[in-house]
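Coordinates in review
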Amino acid sequence: MKERIQFLLLYYIFWLTYFICARIIFLAYHIQDVKQLTLEMLYGIFKNGVVMDLSAAAYLSVIPFLLVCFSHFYKKSRLESILYSFTFFMTGILTLIIVIDLEVYNVWKFRLDQTPLNYLSSPKEAFASASASPIFQLFISFLLLMAIASYFVYRIISHNLNKWKFTKKLPFIPIALAITVLLIIPIRGGLSGKTLKPGNLYFSDNYFVNISTLNSPWYFAYSLVKQFDTKLNPYSFLPKKVIDKNLSELFPKKSNTKSTPIATVNDQTNVLIVIVESLTEKALGKKVDGIEITPFLNSLRDSSVYFSNMYAAGSHTEEGLVAILNGFPSIPGKSLIYEEKKVAKLPFLTKDFDRNSFATSFYYGGDASFLNLKNYLLTADYQNITEVGSFPDSLQKSSWGVFDGELLNRFITDYRTKSGRPFFSTILTASSHEPFKVPGKFRFTENSVENQFYNSLAYVDESLKSFISNAQKQWWWKNTVVIIVADHGHRFPKAASRFDDYKIPMFWTGGAVTKFQKNNDLLSQIDISTMILKHFNFNHSTYVWSKNPLLDKQPKWAFFTFNNGFGYVEPSGEILFDNTGLKVLSVSGKNKMTLEQRGKTLQQTTYEDYLRK
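Throughout, residues of each chain are indexed from 1 in the direction in which the sequence is written. This being a predicted model, a pLDDT of at least 70 is required before a residue's local features are given, and a value of 80 or more before pairs of side-chain atoms are given or counted; all residues contribute to the totals for chains, interfaces and linings. Heavy atoms throughout the structure, all of them, feed into the side-chain values; hydrogens and water do not.

Bringing the pattern of salt bridges into the picture now. The term salt bridge refers to a side-chain nitrogen of Lys or Arg lying within 4 Å of a carboxyl oxygen of Asp or Glu. Under the definition given, this model contains 16 salt bridges. For Asp-393, the salt bridge goes to Lys-397, with nearest N and O atoms at 3.8 Å. Burial classes follow relative accessibility: with a 1.4 Å probe on protein chains only, a residue under 20% of its type's maximum area counts as buried, one over 50% as exposed, and anything between as partly exposed. A residue is classified by how much of its surface remains accessible, and Lys-397, at 32% relative accessible area, is partly exposed. Asp-609 is paired through a salt bridge with Arg-612; the nearest N and O atoms lie 3.6 Å apart. With Asp-609 and Arg-612 both in helix 20 (residues 592–612), this residue pair falls three residues apart, about one helical turn. A residue is classified by how much of its surface remains accessible, and Asp-609, at 8% relative accessible area, is buried. Salt bridges linked by common partners bring Lys-245, Glu-249, Glu-570 and Arg-598 together as one network. Numbering of helices and strands runs from the N terminus; a helix is a DSSP stretch of H or I covering at least four residues, while a strand is a stretch of E covering at least two.

Written as structure tokens, this is what we have:
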């Protein structure tokens, strides 16, 4: 009996050791972040993180423990085979999760959750996104963890099972079952009455320190379970009285405040929205090797209405589309574009313009089935959808489809002939998405991932320059509002503040825009829909989260979300809040309590609206 109980203990210790090694690899992979930490912080990471490691090890030990409990009823060789198969299978799956998690934090600044699973329905595009990652380093990390695990699995299972001696069913089975039942303690996170949650481990004001306490497989499984729990609002922070007060300040009742139009429009004015992949504000004006990344867009700042202080709603293309075309905020951990029943209840710019006799079209160089985009566009009632299948096979194509230059040229070609109706059109680019492969000569010397991104932006900038030059020669230019805006920001160039990762530029140009100016007012991506509709005197009352920042006395603020948190910005300050640990990650300004309450109000009420749809 002693040998069998010893085996149970060793097997549990194996998984615990495995997860501690995984945490060490995570910290080593992000060594630049670790260098900023104190020894006290590092100690806290392991001290608090081991609670989740113990829980994950307990979950994985339940089945092997039960097998050992009833090991009298089958041959030792059979038990050994089952234990080997189960342990190696789980080790392979968990190691894959751990290794993917290493790069997920690099790219998105959060630990692996259910979000990347949205891309698995389009494996080609998913592979294209991943191909820019350091595959060799990740593969080495995978092999290292598997080697450690394989050695201990062999030593524990094979070596210890051979030592087993005959033992009677009683009292071994009751004792072994009692030990198995005790696994509930580490599974729940200890003897306290609280069930283990990620936020329970957070102990620092440093975001990286807190997320380093998480066990990536445990957290990944937790996020998968939580995404199906959509009946209750997890962000019920504030009472109704406080919510009502904050909403009245954020969305004051209509008054006689004047709106300052930036375009001259009539019932024949066209609208073209060019949504540029990853066009971060940080890249404008930046030089690499003395060369401007975006010389055309830099010059456009002086020949358009340039909005320099806009924030994206989220960090993914699907969030940007919903923000621009529906005026709806991003929801943490949710991809609204996949939820067709909810999307159908949202207002759409396309439908508003269609009701006013506009022809509507959407142009995308990739496969429209990616991100459920095709269904979303059909729900939006776009009358004409052009995607990669609409282009000849002879065209040079990237991982995402045709390059942006060809996509923009296609729009020029399709709109050479004058139409009887005004148009509302949208172009979604993709060339500046990972893996950043674009045609032409590489513009910068260092072939790093960062410079590859800059190179792709330089190509897009050049394509936009050619497009605008050709557009100015077309019949529709003089009576068109052309809006160039990003779908979201980007992690490059690296910035001291995470807020800068969400800042995006917006340009209003075209013949209908005659007064060029720089607008430094704070605004959000979700405001675009109301700004457009207001210019055309179309009803915008259904866009409840979108405000018109061009009103003289309209409060200026922006709200965005990330994996499981939010950012709120207003002229007096800004706050970044982590919903998992219920902690303020960073805050600046005099009215810190006001900033936090307004941000929480928006998080709570937008999620409630999401649940109602």
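Having put the structure on the table, let's press on.
So, on to unusual backbone geometry. The omega angle of the peptide bond from Glu-434 to Pro-435 is 10°, so this bond is cis rather than trans. Residue position: Pro-435 is located in the loop between strand 9 (423–428) and helix 18 (449–471). Despite not being glycine, Asn-372 has its phi angle at roughly 60°, a positive value. Mapped onto the fold, Asn-372 is located in the loop between strand 5 (359–364) and helix 16 (373–379). For Asp-381, which is not glycine, the phi torsion reads 65° and is therefore positive. Relative accessible area serves as the criterion here: at 38%, Asp-381 is assigned to the partly exposed category.

The term nonpolar core refers to a set of buried residues drawn from Ala, Val, Leu, Ile, Met, Phe, Trp, Tyr and Cys, joined through side-chain atoms within 4.5 Å. Core analysis: the largest hydrophobic core is formed by 113 residues, its most contacted members being Ile-273, Phe-353, Tyr-376, Trp-476, Met-506 and Trp-508. Among the elements that take part in this core, helix 18 stands out by supplying nine residues, more than any other. Setting aside anything within four residues of it in sequence, one finds Ile-273 in contact with Ile-324, Leu-349, Phe-424, Ser-425, Thr-426, Ile-427, Ile-483, Val-485 and Ile-532. For this analysis, residues touch if any pair of their heavy atoms sits within 4.5 Å.

All right, on to helix 10 (residues 216–226) then. Taken together, the buried positions of helix 10 are occupied by Ser-216, Pro-217, Trp-218, Tyr-219, Phe-220 and Ser-223. Against helix 1 (2–29), helix 3 (39–69) and helix 4 (76–108) lie the buried residues of helix 10. Polar contact is the term for a pair of N or O atoms within 3.5 Å; when the atoms are in protein, one must be able to donate a hydrogen and the other to accept it, and sequence-neighboring residues count only if both atoms are side-chain atoms. Capping the start of helix 10 is the job of one residue whose side-chain oxygen sits 3.0 Å from the backbone nitrogen of Trp-218: Asn-215.

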